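Architecture and fold: a report
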Amino acid sequence: MPTWGATIWGILASAVVAVLAARLIVRERRLSVLAVVAASALLGPLVWDLILRHTGGDFFVDAPGYVFPVSFEDTGSGVFAAAIGALCLGFGPQRADPGRRVAVNALICGLAALLVDTYLY
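In what follows, the accompanying structure is described. These figures come from a predicted structure and were not determined experimentally. (Residues numbered from 1 in each chain as written. Predicted model: local features only at pLDDT ≥ 70, side-chain atom pairs only at ≥ 80, totals over all residues. Heavy atoms only, no water.)

1. Brief notes about the side chain of Gln 94
Along the chain, the position of Gln 94 falls in the loop between helix H3 (72-91) and helix H4 (99-119). Once residues within four sequence positions are removed from consideration, Gln 94 is found in contact with Glu 28, Arg 30, Val 33, Leu 89, Arg 101, Val 102 and Asn 105. (Helix = DSSP H or I, 4+ residues; strand = E, 2+ residues; numbered from the N terminus. Contact = heavy atoms within 4.5 Å.)

Written as structure tokens, this is what we have:
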């Protein structure tokens, strides 16, 4: 189980990576969208970590391999971040945007959380 310090560092890094990706990849400029992207990428891993801690999740095992050593915990962080992002963006600042744009920003939230969780903590 990661320490609380590592967890806090990881969720903050997920938020920063997600905002940078949304800004640089899809050239998102609206502060409301960037704020929701950051919050989703932060809340997804946090909620998933809290669930694992509460249930005593002891399956912290990475998949074999050097290129992409993902685990169930890493995947959960990405899934939760993408789901929270899709809901908050779709019902929030991107409600009038095309679904594709909402989906891309939600995917950015999930991928940022997954990659930070897999490689950085």
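Following the structure, the description resumes.
2. Concerning the environment of Ser 40
Position of Ser 40 relative to the elements: it lies in helix H2 (residues 31-55). If we skip the residues at most four places from it in the chain, Ser 40 touches Pro 45, Ala 81, Ile 84, Gly 85, Cys 88 and Cys 109.

3. Some thoughts on the pattern of salt bridges
Taken as a whole and assessed by the stated rule, the structure comprises 4 salt bridges. In this structure, the salt-bridge partner of Glu 28 is Arg 30, at a minimum N-O distance of 2.9 Å. Exposure remark for Glu 28: the relative accessible area of 2% places this residue in the buried category. When salt bridges that share partners are traced, they join Glu 28, Arg 30, Asp 97 and Arg 101 into one network. (Salt bridge = Lys/Arg side-chain N within 4 Å of Asp/Glu carboxyl O. Buried < 20%, exposed > 50% of the residue type's maximum accessible area, 1.4 Å probe, protein only.)

Interpretation note: all reported values are geometric properties and have no functional meaning in isolation.
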